[in-house]
Amino acid sequence: QVQVLVAIDGPSGSGKSTVAKEIARRLDLGYLDTGAMYRAVAWWAMQQNVDWADTHAVVAAAQDAPVEISTDPDRQFVRVGDTNVTEAIRTPEVTSHVSSVATVPAAREVLVARQRGIIADSGRRMVAEGRDITTVVAPDAEVRILMVASEEARMQRRGAQLGGSQNAEALRAQVVGRDAKDSTVVNFSTAADGVITLDNSDLNLEQSVQAVMDLVLRAV
Ligand code: C5P
């Protein structure tokens, strides 16, 4: 069993979720999808008809939403209270509102604290991915990677993930528009000191996994 905490950040469509999950499987580590936590809070806030302009209400939603997230890479689910929201948090509606949670600093603080708790509970044997893992949530991780890819590659991947059901404009809004909003509060376009940038525009999934695996095995 390897004892390692791997932090991976990157924009949407960079492939970080798929790669992170696969690394966790191969090394028998936990997997934390922090984006799913922001999505679950956005889902909950929508159920509560929270006014997105009311930042206090958004922070309250982050505090009160009873989010439970699986850290098993082979059995991913997210629950909010008794409701399984695993699929509901991936809808375009939730996706379009999630930045309204993510851009409220006090809401981020709530989720960051929870993420640190989940990482500690894993005994720091985990692959955690998001936008601020390498810089805020776990800057002390043994392996820190910023995974990037060209806009073209990212749009293509996200489009394929959604089964080709979205037109190019809607897709661009989801990928590029969301990154632009998110970038106002977290920097995931340039690597912080000590963070390794991995550009996987021209790599397939297995090559991306291998590149990360090499970095992890070098660190343990
Ligand atoms: O990774 P994913 O696309 O599921 O993330 C959804 C949203 O959650 C992002 O667009 C961003 O607004 C927010 N997020 C964040 N910080 C993280 C992870 C996700 O702000 N660490």
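By the naming in an unreviewed UniProt entry, the protein chain is Cytidylate kinase, taken from Kocuria subflava. Its UniProt record gives the protein chain the following Sequence similarities (unreviewed entry) comment, quoted word for word: "Belongs to the cytidylate kinase family. Type 1 subfamily." UniProt lists a comment for the protein chain under the heading Subcellular location (unreviewed entry), and it reads "Cytoplasm".

**A short note on the nonpolar core**
Counting 40 residues, the largest nonpolar core has Leu 32, Ile 89 and Ile 119 as the members making the most contacts within it. At the level of secondary structure, the elements contributing two or more residues to this core comprise β1 (5–9), α2 (34–47), α3 (55–64), β4 (78–80), α4 (92–102), α5 (105–121), β6 (126–130) and α6 (133–137). Counting residues per element, this core draws most heavily on α2, which supplies nine residues. Beyond its immediate sequence surroundings of up to four residues, Ile 119 is in contact with Leu 5, Leu 32, Arg 124, Met 126, Ala 128, Val 137 and Ala 138. Val 4, Val 6, Ile 8 and Leu 29 belong to the second largest nonpolar core, which has 20 residues in total.

**Concerning the UniProt feature "domain: Cytidylate kinase" (unreviewed entry) in the protein chain**
In the UniProt entry, the feature "domain: Cytidylate kinase" (unreviewed entry) is given for residues 6–216. The span residues 6–216 is 51% helical and 15% strand by assignment, and the distance between its end C-alpha atoms comes to 7 Å.

**Thoughts on the pattern of salt bridges**
Considering all chains together, one arrives at eleven salt bridges under this definition. Note that Arg 79 and Glu 68 form a salt bridge whose closest N and O atoms lie 3.3 Å from each other. In this pair, Arg 79 sits in strand β4 while Glu 68 sits in strand β3 (residues 67–69), placing the two residues eleven residues apart along the sequence. A relative accessible area of 38% places Glu 68 in the partly exposed class. Of the charged contacts in the structure, one is a salt bridge between Glu 151 and Arg 172, with a shortest N-O distance of 2.5 Å. A residue pair is termed long-range when its members are at least 10 positions apart, and Glu 151 in helix α7 (residues 151–161) and Arg 172 in helix α8 (residues 168–182) qualify at 21 residues. For Glu 151, a relative accessible area of 35% translates into the label partly exposed. Residue classification places Arg 172 among the partly exposed residues on the basis of a relative accessible area of 36%.

**Comments concerning the packing of α3 against α5**
Packing of α3 against α5 leaves a shortest axis separation of 8 Å and a crossing angle of 15 degrees. As far as their axial angle goes, α5 and α3 are roughly parallel. For the pair α3 and α5, the crossing hand works out as left-handed. Where α3 approaches α5, its residues Val 58, Val 59, Ala 62 and Gln 63 are matched on the opposing element by Ala 106, Ala 107, Val 110 and Arg 114. Looking at the contact of α3 with α5, its residues break down into six nonpolar, one polar and one charged.

**Here we look at the site of the ligand**
In the neighbourhood of the ligand, 15 residues make up the surrounding shell, with Arg 39, Arg 108, Asp 132, Arg 178 and Asp 182 lying closest. Separating an oxygen atom of the ligand from a side-chain N or O atom of Asp 182 is a distance of 2.5 Å. For the ligand, whose free accessible area comes to 450 Å², the fraction covered by protein is 98%. Elements represented by at least two residues in the shell around the ligand include exactly α2, α4 and α8. Per-class residue counts for the shell around the ligand are three nonpolar, four polar and eight charged.

Rules and cut-offs
- Residues numbered from 1 in each chain as written.
- Predicted model: local features only at pLDDT ≥ 70, side-chain atom pairs only at ≥ 80, totals over all residues.
- Heavy atoms only, no water.
- UniProt positions renumbered as here; feature names shortened; annotations may be inferred.
- Core = buried A, V, L, I, M, F, W, Y, C linked by side-chain atoms within 4.5 Å.
- Buried < 20%, exposed > 50% of the residue type's maximum accessible area, 1.4 Å probe, protein only.
- Helix = DSSP H or I, 4+ residues; strand = E, 2+ residues; numbered from the N terminus.
- Contact = heavy atoms within 4.5 Å.
- Salt bridge = Lys/Arg side-chain N within 4 Å of Asp/Glu carboxyl O.
- Axes fitted to C-alpha atoms, helices over the stretch in contact; angles between N-to-C directions.
- Parallel < 35°, antiparallel > 145°, perpendicular 65-115°, else oblique.
- Left-handed = near helix turned anticlockwise from the far one by under 90°.
- Nonpolar A, V, L, I, M, F, W, Y, C, P; charged D, E, K, R; others polar.
- Near = heavy atom within 4 Å.
- Polar contact = N/O pair within 3.5 Å; in protein donor to acceptor, adjacent residues only side chain to side chain.
- Areas by Shrake-Rupley, 256 points an atom, 1.4 Å probe, with all protein chains shown as cover.

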